[in-house]
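# An overview of the molecular structure
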Amino acid sequence: MRVYLDGSEAIAIGAMHAGCDFFAGYPITPASGVLELMMRHLPPSGGVAIQGEDELASIGFCIGAAMAGAKALTVTSGPGMSLYSENIGLATMGEVPLVIVDVQRMGPATGGATTTAEGDVQFVRWITSGGYPLVVYAATNHADAYRLTIEAFNTAERLRTPVIVLSSKDLALTSDTVDFGDFRRPEAVVRAPGDRVPYAFFRPQDVPGFLAVGDRRLARFTGSMHDERGVITTDTPLVERKLRHLVEKIESRADELAIVDADLQEGARALVVAYGTPARAAREAVRRARASGRMLSLLVLQTLYPVPETAIRRALGGIDRVVVPELNSGQYAREIWLLAPECVRAPVNRIDGTLIDPEEILEAAFS
Amino acid sequence: MSLIELENLPFCAGCSHESIFRGLAAGLERAELGPDDVMVVSDIGCQGIADQKINLSTFHGLHGRSITYATGIKLARPQLRVVVLVGDGGCGIGGGHLINAARRNIGVCVVVFNNFNFGMTGGQHSVTTPLGALTATTPQGNLERPLDLVRLAEAAGAGFVARVTAADPDLPDVIAQAVAHDGFALVDVWGICTAHYMKRNDERMAQLSERAHATPGYGIARHHDGAREFSSALARGSAAVPRLEDFAVPVEFVSTLERRMGVVLAGSAGMRVGTAASIIARAAVLSGLYATQKSVIPVTVMKGFSVAEVILSPEPIEDLQVRAPDVLVISSEDGARKTVSMHATARRVLIEPSLGALVPGATSVEFPGVRATELTLAMAAAAVAEVIPEDAVAAAVERWGPPRGHAKMIEAVRAGYRGIASA
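Note that the coordinates shown come from a computational prediction; the quantities given were computed from them, not determined experimentally.

### What to know about empty space enclosed by the protein
Think of a ball as big as a water molecule: rolled over the atoms, this probe shows where empty space is left. Residues and elements named next belong to chain B. Across all of its chains, the model carries 5 cavities of 30 Å³ or more by this definition. Lining the largest cavity, in full, are Lys 74, Arg 81, Val 82, Gly 107, Val 108, Cys 109, Ala 178, Val 179, His 181, Asp 182, Gly 183 and Glu 229. Of all the secondary structure elements, the ones that give two or more residues to the lining of the largest cavity are β3 (81-87), β4 (108-114) and α6 (171-180). Of the residues contributing to the lining of the largest cavity, the split by class is 5 nonpolar, 3 polar and 4 charged.

The following block contains the structure:
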């Protein structure tokens, strides 16, 4: 089946197919398309969609609803992510299943509201005070936007964590033709119910079962440091246990959370590692290179955090030059350079609102 | 088991918070609410450190945002009564939420523990600190006029608004009425902070009570029933969610295009440039091609340029940017000026005849009888006439065109194909 749709539609429909039944957002270009779609389609299908008075309210509604049992989504752009920051920390600490889509635009501040950029990468990874991890996906195209939104809901449910999906203006507001012929939609995950203790876990990486607030059983939710019962504590061993749990829950699952497309060519000496819209230019660059008899490997990352280290190390075998194209001044390249200390670094960066040209990637790979 | 355990509450000796907790426990009991009916959302502040004394589900989030969590919970579980415990500090940092919750009439009952300063952080001034009052951050006396929460809630449309003191014997009754109210309710409970405010200002409970009585809005200031509570007013249907199939485009025509082609449409806002781009892109997909459509948008809406890029290709498209357009369509002066950098690189420029002088070497094409609103569509049709069947473009108008005006649009498409054939 061949469809024609824009990135906002891909995200909104992905969310609804993942079982999203609660949406809140505040208008912001270029993310408003998703807000309007959810306002139009969610209530007629039994869900709740609301436009908050600001971003603080929108994510607050989502966190409240999620802890009352809903599958919640909010969508914004960079300035809204800044305002979400404190509440994303709350969702991390309170172990709230929540999906946040960041339709990136040019920053800082108001920046270029209608100009594309993908410069929120390190920002969203470190968005909460304390620096605790969360899961970050990045869509390269419309099929990804649909699929990763579903994966994000599933990961949020499995791990009781906020999950961020990165999109951008040139994905959300661009229409594309997508073949969904052999596509298999991920099954929507159902939240695992908890017993009596709202934050119970045995090993640090275990995920507590979910106790909804406002259900028949008493449940406590808090963003303050708490023990397994949700009661505030300053007891050092309990504090350490909780915070180690927040790290281990995510970091110990790096392999399981890794979604990548490896298109590795035997004998290639250069590797392109790409994510977001530059991955499209990278696919085109690889096609052109191979068509002209030059060898080039490609690793496309849909999971950015936790860093899919195993997949990256595997792709680096036999490689001595790594190209990292990004629509920012070089953010994710830091993660790649750490894993490839011996390789020649060939970053390709654009911050002027235009997209990376496949020829720039070829030049970086073969010059 | 009582709803709230009143022994050993974690408040300073003499603090009014203890009396308000007693009033809350009695009020919930009087309203005949149990653990299945009601839960509590507490804000940051002294009133929020006693969750474990409450034998109901509790939610303790960020400072100032308690009303937002309560709103989300109420929307997800409309049958539940949700009580927010917040201080005067929380009403400052979260003032916007208070106004909007009242305006929205979400069924949340807000109990304000108003003691005129930030007790937990050392007695700094808040939005309700009286004029002249001494606090840790107003050592010369407060110069900021206090916010009247009762008047504010009334102005924002709250259906139940009351002001009482922590010592009032009818506190449980007022809270019972507020919690039972089907809509937004606010109870502004004035009390003393023995740790800070009372130490710096000569106001004990007796004087506070006098001040409360002397301030307009004391007692139940408003009790209006009948306005529709927001969470129950929301429509909740049972339709199926949209499917990917709803966006499917069948292949019904044949294109002769053999390689990627980039078309840029440049006009003015109001000339339906985006619509024209969408029509030719969908016509291409109807003809078995892949297509993308990318817009260059100014911040203005009905003024200034409007530019859209369409890429057509027999193969899936990876590079989303049109670099040197195969055809640049210029339907207005705004469009000509916005695309100056492409004038020389475009393989072909189609231009509205009156603008011909702006772009040397451009092909001027006449589209007799076509209005400005359909001109870009006519020119876009002309741009793809060699590779997409005319009927595919007409079919795209019929299926995906705007709700009205298909006949005019199809005439414009036909004019586009005729015009380019004679140019």
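### Regarding the domain arrangement of chain B
Assigned domains within chain B: domain 1 (17-236) and domain 2 (261-422). Relative placement of domain 1 of chain B and domain 2 of chain B: their C-alpha centres are 59 Å apart.

### Comments concerning the pairing of strand β5 (residues 98-104) of chain A
Put simply, side chains in a regular strand alternate between the two faces of the sheet. Residue and element names in this part refer to chain A. Among the 7 residues that make up β5, 7 are buried, leaving the element largely enclosed by the rest of the structure. By the alternation rule, side chains of β5 split into Leu 98, Ile 100, Asp 102 and Gln 104 and Val 99, Val 101 and Val 103, which are all buried. Alignment of β5 against strand β7 (residues 162-168), held across 7 bridges, turns out to be parallel. Paired with Val 101 across the two strands is Val 165, which belongs to β7.

### Remarks on the interface of chain A and chain B
Interfaces are often sized by the amount of accessible area the parts lose when they come together. In this assembly, 69 residues from chain A lie in contact with 62 residues from chain B. Summed over both sides, the interface between chain A and chain B buries roughly 5,700 Å², with carbon and sulfur atoms accounting for 58% of that surface. Of all residues in chain A, Arg2(A), Tyr4(A) and Arg220(A) bury the most surface against chain B, accounting for 14% of the area lost on that side. Across the contact surface, chain A and chain B share 7 salt bridges. Linking Arg104(B) and Glu53(A) is a salt bridge whose minimum nitrogen-to-oxygen distance equals 2.8 Å.

### Quick notes on the sheet that holds strand β11 (residues 270-274) of chain A
Residues and elements named next belong to chain A. Taken together, 5 strands build an open sheet; the order of strands is β10-β12-β11-β14-β15 and the sheet is mixed. At either margin of the open sheet sits one strand with a lone partner, and together these are β10 (260-263) and β15 (344-349). Recorded for the sheet is a direction-independent mean angle of 15° between the axes of neighbouring strands. Where β11 meets strand β12 (residues 297-301), 4 bridges bridge the pair, whose relative direction is parallel. Bridge pairing links Val 273 to Leu 299 in β12. Packed on one face of the sheet, helix α10 (residues 278-291) meets β10, β11, β12 and β14 (321-326) and runs near 165° to β12. Across the face of the sheet, helix α13 (residues 358-366) comes into contact with β11, β14 and β15 while running at roughly 155° to β14.

### Looking at the packing of aromatic side chains
Tallying each qualifying case throughout the model produces 11 aromatic pairs over all chains. Of the aromatic side chains, those joined through ring pairs into one cluster are Tyr146(A), Phe180(A) and Phe183(A). The cationic tip of Arg2(A) hangs over the ring face of Tyr290(B); the distance from NZ or CZ to the ring centre is 4.0 Å. The ring of Trp126(A) is capped by Arg125(A), whose NZ or CZ atom sits 3.6 Å from the centre of that ring.

### Looking at the packing of helix α13 (residues 372-384) of chain B against helix α15 (residues 406-422) of chain B
Residues and elements named next belong to chain B. The geometry of α13 relative to α15 is characterised by a closest axis approach of 7 Å and an angle of 45° between their N-to-C directions. In terms of orientation, α13 lies oblique with respect to α15. Along this stretch, α13 crosses α15, giving a crossing that reads as right-handed. Contact residues: Glu 374, Leu 377, Ala 378, Ala 381, Ala 382 and Val 384 in α13; Lys 408, Met 409, Ala 412, Val 413, Gly 416, Tyr 417 and Ile 420 in α15. Residues belonging to the contact of α13 with α15 are distributed by class as follows: 10 nonpolar, 1 polar and 2 charged.

### Remarks on the side chain of Asn100(B)
All names here are of chain B. With respect to the helices and strands, Asn 100 occurs in helix α4 (residues 95-104). On the accessibility criterion, Asn 100 (14% relative accessible area) is buried. Among the polar contacts made by the side chain of Asn 100, one reaches the main-chain carbonyl oxygen of Gly 96 at a distance of 2.8 Å.

### Brief notes about the pairing of strand β1 (residues 38-42) of chain B
Residues and elements named next belong to chain B. Here β1 lies mainly inside the structure; 5 of its 5 residues are buried. Side chains Val 38, Val 40 and Ser 42 of β1 all project onto a buried face; the interleaved residues Met 39 and Val 41 project onto the opposite face, where all are buried too. Taken together, the 3 bridges between β1 and strand β2 (residues 58-60) define a ladder with parallel strand orientation. Opposite Val 41, over in β2, you have Phe 59 as the bridge partner.

### Description of the pattern of salt bridges
With the rule as written, the count across this model stands at 43 salt bridges over all chains. Residues participating in the shared-partner salt-bridge network are Asp176(A), Asp261(A), Arg280(A), Arg283(A) and Glu318(B).

### Details of the sheet that holds β7(A)
Residues and elements named next belong to chain A. The strand order β3-β2-β4-β5-β7-β6-β13 describes an open sheet built from 7 strands, whose pairing is mixed. Each end of this open sheet is capped by a strand with a single partner; those strands are β3 (48-51) and β13 (303-305). The sheet shows a mean angle of 20° between the axes of neighbouring strands, direction not considered. Across 4 bridges, strand β2 (residues 22-25) lies against β3 in parallel orientation.

### Here we look at unusual backbone geometry
For the bond from Gly107(A) to Pro108(A), the omega torsion is 0°, close enough to zero to count as cis. With respect to the secondary-structure elements, Pro108(A) resides in the loop between β5 and α5 (121-125). Note that the residue after Tyr305(A), namely Pro306(A), is joined by a cis bond; omega there is -5°. Of note in the backbone geometry, Asn8(B) takes a positive phi value of approximately 55° without being a glycine. Examined against the element boundaries, Asn8(B) turns out to sit in the segment before α1 (16-30). You can call Asn8(B) exposed: its relative accessible area is 68%. Non-glycine residue Asn105(B) carries a positive phi angle of around 60°.

### Some details on the layout of surface pockets
For the largest pocket, the calculated volume is near 1,300 Å³. Lining the largest pocket are 43 residues, and of these Asp6(A), Gly274(B), Thr275(B), Gln293(B) and Ser295(B) sit closest to its centre. Looking at the lining of the largest pocket, the elements that each hand over two or more residues are β1 (2-6), α1 (7-17) and α2 (32-41) of chain A together with α10 (273-286), β11 (290-296) and β12 (305-313) of chain B. With 6 residues, α10(B) is the largest single contributor of residues to the lining of the largest pocket. Size it by volume and the second largest pocket reaches roughly 970 Å³. Taken together, 39 residues form the lining of the second largest pocket, with Arg280(A), Glu315(B), Pro316(B), Ile317(B) and Glu318(B) sitting closest to its centre. For the lining of the second largest pocket, the elements supplying multiple residues, two or more each, are α6 (142-159), β8 (175-179) and α10 of chain A together with β10 (261-268) of chain B.

Rules behind the numbers
Residues numbered from 1 in each chain as written. Chains lettered and ligands numbered in written order. Predicted model: local features only at pLDDT ≥ 70, side-chain atom pairs only at ≥ 80, totals over all residues. Heavy atoms only, no water. 1 Å grid on protein atoms, 1.4 Å probe; cavity = no way out; pocket = protein on both sides within 12 Å on 5 of 7 lines; lining within 4 Å. Points joined across faces, edges and corners; volume = space filled by probe spheres on them. Helix = DSSP H or I, 4+ residues; strand = E, 2+ residues; numbered from the N terminus. Nonpolar A, V, L, I, M, F, W, Y, C, P; charged D, E, K, R; others polar. Domains from an automatic or database assignment. Buried < 20%, exposed > 50% of the residue type's maximum accessible area, 1.4 Å probe, protein only. Pairing = 2+ DSSP bridges. Contact = heavy atoms within 4.5 Å. Buried area = accessible area lost by both parts, 1.4 Å probe. Salt bridge = Lys/Arg side-chain N within 4 Å of Asp/Glu carboxyl O. Axes fitted to C-alpha atoms, helices over the stretch in contact; angles between N-to-C directions. Phe/Tyr/Trp six-rings, centres within 6.5 Å; stacked < 30°, edge-to-face > 60°. Lys NZ or Arg CZ within 6 Å of the ring centre and 35° of its normal. Parallel < 35°, antiparallel > 145°, perpendicular 65-115°, else oblique. Left-handed = near helix turned anticlockwise from the far one by under 90°. Polar contact = N/O pair within 3.5 Å; in protein donor to acceptor, adjacent residues only side chain to side chain.

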